[in-house]
Amino acid sequence: MEDELRPEYDFAQMKAGVRCKYIERYRAGTNLVLLDPDVAQRQQTNTAVQETE
């Protein structure tokens, strides 16, 4: 299998990440909503999305 990663994504050069860094925030809840593409196209700004709630 050939490696298709771009050179700028050399993970060997990255520092170790922190596992579960945001787990407490996740457990507290989230207010993210994924819009379907057709809905997202009609809502051009964050403000417009908030006004429809």
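Our subject is the structure that appears above.
All values reported here derive from a predicted model rather than from experimental measurement. (Residues numbered from 1 in each chain as written. Predicted model: local features only at pLDDT ≥ 70, side-chain atom pairs only at ≥ 80, totals over all residues. Heavy atoms only, no water.)

With that settled, the discussion passes to the overall build of the protein. Scanning the protein from terminus to terminus reveals 3 helices and 0 strands. In sequence order, the secondary structure elements of the protein are arranged as α-α-α. Burial status across the protein gives 0% buried among its 53 residues. Roughly 6,100 Å² of accessible area belongs to the protein as shown, and the carbon and sulfur atoms make up 50% of that amount. (Helix = DSSP H or I, 4+ residues; strand = E, 2+ residues; numbered from the N terminus. Buried < 20%, exposed > 50% of the residue type's maximum accessible area, 1.4 Å probe, protein only. Areas by Shrake-Rupley, 256 points an atom, 1.4 Å probe, with all protein chains shown as cover.)

With that settled, the discussion passes to the pattern of salt bridges. Throughout the structure, instances matching the rule amount to 2 salt bridges. Put simply, arginine 6 and glutamate 8 hold a salt bridge, and the shortest N to O gap is 3.9 Å. For glutamate 8, a relative accessible area of 54% translates into the label exposed. Between arginine 27 and glutamate 24 there is a salt bridge, and its shortest N-O distance comes to 3.6 Å. With arginine 27 and glutamate 24 both in helix H1 (residues 23–28), this residue pair falls 3 residues apart, about one helical turn. According to the relative accessible area criterion, arginine 27 is exposed, its value standing at 61%. A residue is classified by how much of its surface remains accessible, and glutamate 24, at 56% relative accessible area, is exposed. (Salt bridge = Lys/Arg side-chain N within 4 Å of Asp/Glu carboxyl O.)

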